[in-house]
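Chains, contacts and geometry: an overview
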Amino acid sequence: MSLNELTAHEILGLIKTKKTTPNDVYQSVISAVREKDSAVKAYVRTCENNADLATLKADAKFPIPTTNKDNICISGHETTCSSKILAGFKPPYDATVIKKLKETGALFVGNANMDEFAFGSSTENSAFGPSRNPWNLDCVPGGSSGGSAAAVASDQTIWALGSDTGGSIRQPASFCGVVGVKPTYGRVSRFGLIAFASSLDQIGPLTKDVTDAALLLNIISGYDPMDSTSINEPVPDYTKSLTGDVRGLKIGIPKEFFIEGLDPEVRQAVEAAIEVLKAKGAVFKTVSLPHSEYSVATYYIIATAEASSNLARYDGVRFGLREQAKTLRKAPIIDMFEETRDAGFGAESKRRIMLGTYSLSSGYYDAYYLRAQKVRTLIKNDFDAVFADCDAILTPTAPTTAFKIGEKTDDPLAMYLSDIYTISVNLAGIPAMSLPCGFSKAGLPIGLQIITKHFAEETMLRVAHTYEQATDWHKKVAKV
Amino acid sequence: MITKKDVEYIAGLARIHLQDQEIEKLTGNLEDILGYIEKLEKLDVSQVEPTSHALPVQNVFRDDVVRPSLSQSDALKNAPQQHNGAFKVPQVIE
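Residues numbered from 1 in each chain as written. Chains lettered and ligands numbered in written order. Predicted model: local features only at pLDDT ≥ 70, side-chain atom pairs only at ≥ 80, totals over all residues. Heavy atoms only, no water.

Considering the overall build of chain B
When helices and strands are tallied, chain B shows 3 helices and 2 strands. The linear arrangement of helices and strands in chain B, starting from the amino end, is α-α-α-β-β. At 22 Å, chain B has a C-alpha radius of gyration far larger than the 12 Å of a compact globule built from 94 residues. Relative to its full complement of 94 residues, chain B shows a buried share of 31%. With an accessible surface of roughly 6900 Å², chain B has 48% of that area assigned to carbon and sulfur atoms. Separation between the mean location of the 10 positive side-chain charges and that of the 15 negative ones in chain B comes to 7 Å. (Helix = DSSP H or I, 4+ residues; strand = E, 2+ residues; numbered from the N terminus. Rg over C-alpha atoms; globule rule 2.2 N^0.38 Å. Buried < 20%, exposed > 50% of the residue type's maximum accessible area, 1.4 Å probe, protein only. Areas by Shrake-Rupley, 256 points an atom, 1.4 Å probe, with all protein chains shown as cover. Lys, Arg positive; Asp, Glu negative; His and termini not counted. Charge placed at Lys NZ, Arg CZ, Asp CG, Glu CD.)

Next comes the structure, spelled out in structure tokens:
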């Protein structure tokens, strides 16, 4: 086994016993990228020099090759959200998660591909073209953190950051057979994460196993005065929750998630996972999240409204692309705004900006945005009611395995519905994760989603780790 | 019912100069998506408070003290055009 195929906790063990060095691990990852990324296209940009290695301190706690998502600011390193409109943008500061990672000795490998501004479920909306699923190069890796998930799954990194607004960490983790965590809203600082929908966005880890997810969560979690929505709750050592003991834990199975549209192979895999956890002593009961069928509609009002507002800043003035108008239509500066935004945004970004602008516009606000915020309350209340009596909820992460590249690009609504099991979690602000729970007959990974209440990441990781230790799905390697 | 005229009006609000074929396509897309979203009308929400934020966080203040911030040159570094320490834009006032 070569070093790039190992987990962070395995590497840390080898470094500690002097069996390897951070330099050897980094070089192994870089050669994997050189060898595989022309096929996988996980990265939009790799770090041209190994600057982090040159300045690495001997006592660094986590000198681990780390992949960044292209919407998280690294000072001086081009960050574009896979959009033409941010071409050439070099952030003048580090995101808080990057600052924390640098302090522990992270070695950045590069920025991973994504759907433009995280708008999508397949990475097909990237201005750089789609990434490929390492398990089948004709399939999408999921999205929007598809590049991050594909990089982890193809051992072109050790671990990666993603961001999750409606499933953008968990769905690609599911499609690529890796572990992905969406923490509680406010658990991880969003400072330096280029905003999509500010009330839903959260940064989280994509890793090869649950132990690494706990380790990376330890590094990036915590209150940050630079993000007024981050919460001042103590950060536990998440690795301490990996006890392997789920005896007596009450886990709810929401009946609304096991209906029409769920692929039979996914259903079987999730039902088998329930049996594994039952054998470990967890207690299961059927629960109801009655407003589940409204979550996608609610999300596409709230998320696009917030996005249309957040993306107003791309106007050709302070950063990124500027297009000059060829003829005068309205006024010179308005024409510049309008030409810049037409040339800089891709089709899905325009669609979402338009939808969000519409639902916030005069005369429609009450009917769309305000109504969606009220339904958001109902969705949140559904979870509160279940968690009054359950420690966790278990569901499939996505209704299907990875779909073919091009399969859903002409049908935005079908694409939106691929996030049907993940979206309500963001609306409620609670934590959830995906981990591998099997493979389809076609050899594509299937993901299991574990959801807990606010700040109950420890319970979530405990359930995930117990399941993982009883199975060996996480040890399967995609051959690229 | 979303018309081409609606799409042109929204594009104006959103400051995007859409091409004719984009307007055509978006009219159909928005019609489909808003048709799907109509399902929210089935719910009675007259007694429900809206949620703008998933956690009960209100009035987050910080101390009113001067802190380091981006320098002028750092703030201007990514500007497509700059002049005399300011962002340069096309003519605004006649």
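Comments concerning the packing of aromatic side chains
Scanning the model with the defined rule gives 19 aromatic pairs over all chains in all. Relative to A:Tyr300, the ring of A:Tyr299 has its centre 4.9 Å away and its plane inclined at 80 degrees; by these criteria the two rings are edge-to-face. A:Tyr300 shares its class with A:Tyr299; the two are buried. Three or more aromatic residues joined by ring pairs make a cluster, and in this case those are A:Phe89, A:Phe117, A:Phe119, A:Phe196, A:Tyr314, A:Phe319 and A:Phe345. Geometry around A:Phe403 places A:Lys408 over its ring, the cationic atom sitting 4.6 Å from the centre. If you follow B:Lys39 out to its NZ or CZ, it ends over the ring of A:Tyr294, 6.0 Å from the centre. (Phe/Tyr/Trp six-rings, centres within 6.5 Å; stacked < 30°, edge-to-face > 60°. Lys NZ or Arg CZ within 6 Å of the ring centre and 35° of its normal.)

Digging into the pattern of salt bridges
Residues and elements named next belong to chain A. A full pass over the atoms with the stated rule returns 25 salt bridges over all chains. With a closest N to O distance of 3.0 Å, Lys 208 and Asp 155 form a salt bridge. Of the two residues, Lys 208 is situated in the loop between strand S6 (202-207) and helix H7 (210-220) and Asp 155 in the loop between helix H5 (146-153) and strand S4 (159-164); the sequence distance between them amounts to 53 residues. (Salt bridge = Lys/Arg side-chain N within 4 Å of Asp/Glu carboxyl O.)

A short note on the domain arrangement of chain A
Residues and elements named next belong to chain A. You can read the domains of chain A as domain 1 (3-249 + 389-475) and domain 2 (293-372). Measuring from the centre of the C-alpha atoms in domain 1 to the corresponding centre in domain 2 gives 28 Å. Together, the buried faces of domain 1 and domain 2 total about 2400 Å²; carbon and sulfur atoms form 65% of this surface. On the domain 1 side of the interface with domain 2, the three residues burying the most area are Ile 85, Phe 119 and Tyr 416, jointly 31% of the side's total. (Domains from an automatic or database assignment. Buried area = accessible area lost by both parts, 1.4 Å probe.)

Focus on the packing of helix H9 (residues 295-310) of chain A against helix H11 (residues 347-360) of chain A
All names here are of chain A. Across the interface, H9 lies against H11 with an axial gap of 7 Å and an inter-helix angle of 100 degrees. As the angle between them shows, H9 and H11 are arranged roughly perpendicular. Contacts between H9 and H11 pair Tyr 300, Ile 301, Thr 304, Ala 305 and Ser 308 from the former with Arg 352, Ile 353, Leu 355, Gly 356, Thr 357, Ser 359 and Leu 360 from the latter. Among the residues making up the contact of H9 with H11, the classes are represented as 6 nonpolar, 5 polar and 1 charged. (Axes fitted to C-alpha atoms, helices over the stretch in contact; angles between N-to-C directions. Parallel < 35°, antiparallel > 145°, perpendicular 65-115°, else oblique. Contact = heavy atoms within 4.5 Å. Nonpolar A, V, L, I, M, F, W, Y, C, P; charged D, E, K, R; others polar.)

A word on the layout of surface pockets
Within this model, the largest pocket holds a volume of roughly 780 Å³. What lines the largest pocket is a set of 28 residues, and nearest its centre among them are A:Pro92, A:Tyr93, A:Phe191, A:Gly192 and B:Leu70. Counting only elements with at least two residues in the lining of the largest pocket, the list comes to helix H4 (96-103) of chain A together with helix H3 (72-76) of chain B. Looking at the lining of the largest pocket, its residues break down into 16 nonpolar, 4 polar and 8 charged. Taken together, domain 1 (3-249 + 389-475) and domain 2 (293-372) of chain A each give at least three residues to the lining of the largest pocket, which thus spans both. Taken as a whole, the second largest pocket holds about 430 Å³ of empty space. Forming the boundary of the second largest pocket are 28 residues, of which A:Asn125, A:Gly346, A:Ala347, A:Glu348 and A:Arg351 lie nearest the centre. If you list the elements that add at least two residues to the lining of the second largest pocket, you get H11 and helix H13 (412-416) of chain A together with helix H2 (20-37) of chain B. For the lining of the second largest pocket, the residue count by class is 8 nonpolar, 9 polar and 11 charged. (1 Å grid on protein atoms, 1.4 Å probe; cavity = no way out; pocket = protein on both sides within 12 Å on 5 of 7 lines; lining within 4 Å. Points joined across faces, edges and corners; volume = space filled by probe spheres on them.)

Some thoughts on helix H10 (residues 332-344) of chain A
Between its terminal C-alpha atoms H10(A) stretches 18 Å, which fits the 18 Å expected from 13 residues at 1.5 Å a residue. The buried count for H10(A) comes to 11 of 13 residues, which makes it a mostly enclosed element. Of the residues making up H10(A), those classed as buried are A:Ile333, A:Ile334, A:Asp335, A:Met336, A:Phe337, A:Glu338, A:Glu339, A:Thr340, A:Arg341, A:Asp342 and A:Gly344. Turning to H10(A), the residues buried within the fold contact H11 of chain A together with helix H1 (4-13) and H2 of chain B. (Expected span 1.5 Å × (residues − 1).)

With respect to the side chain of A:Arg45
Residues and elements named next belong to chain A. Among the secondary structure elements, Arg 45 is positioned in strand S1 (residues 43-46). Within the structure, the side chain of Arg 45 is placed 2.9 Å from the side chain of Asp 70, a separation counted as a polar contact. A polar contact is formed between the side chain of Arg 45 and the backbone oxygen of Glu 78, at a distance of 2.8 Å. Contacts of Arg 45, omitting those with residues within four sequence positions, involve Asp 70, Glu 78, Thr 79, Thr 80, Gly 110, Asn 111 and Phe 128. (Polar contact = N/O pair within 3.5 Å; in protein donor to acceptor, adjacent residues only side chain to side chain.)

Observations concerning the nonpolar core
Residues and elements named next belong to chain A. Phe 117, Ile 220 and Phe 383 are the most contacted members of the largest nonpolar core, which has 147 residues in total. Split by domain, this core shows at least three residues from each of two domains, domain 1 (3-249 + 389-475) and domain 2 (293-372). Contact partners of Phe 117, with chain neighbours within four places excluded, come to Cys 81, Ser 83, Ile 85, Leu 86, Ile 194, Phe 196, Leu 311, Tyr 314, Phe 345 and Ser 349. By size, the runner-up hydrophobic cluster in this structure holds 9 residues, among which are Ala 153, Ala 160, Ile 169 and Cys 176. (Core = buried A, V, L, I, M, F, W, Y, C linked by side-chain atoms within 4.5 Å.)

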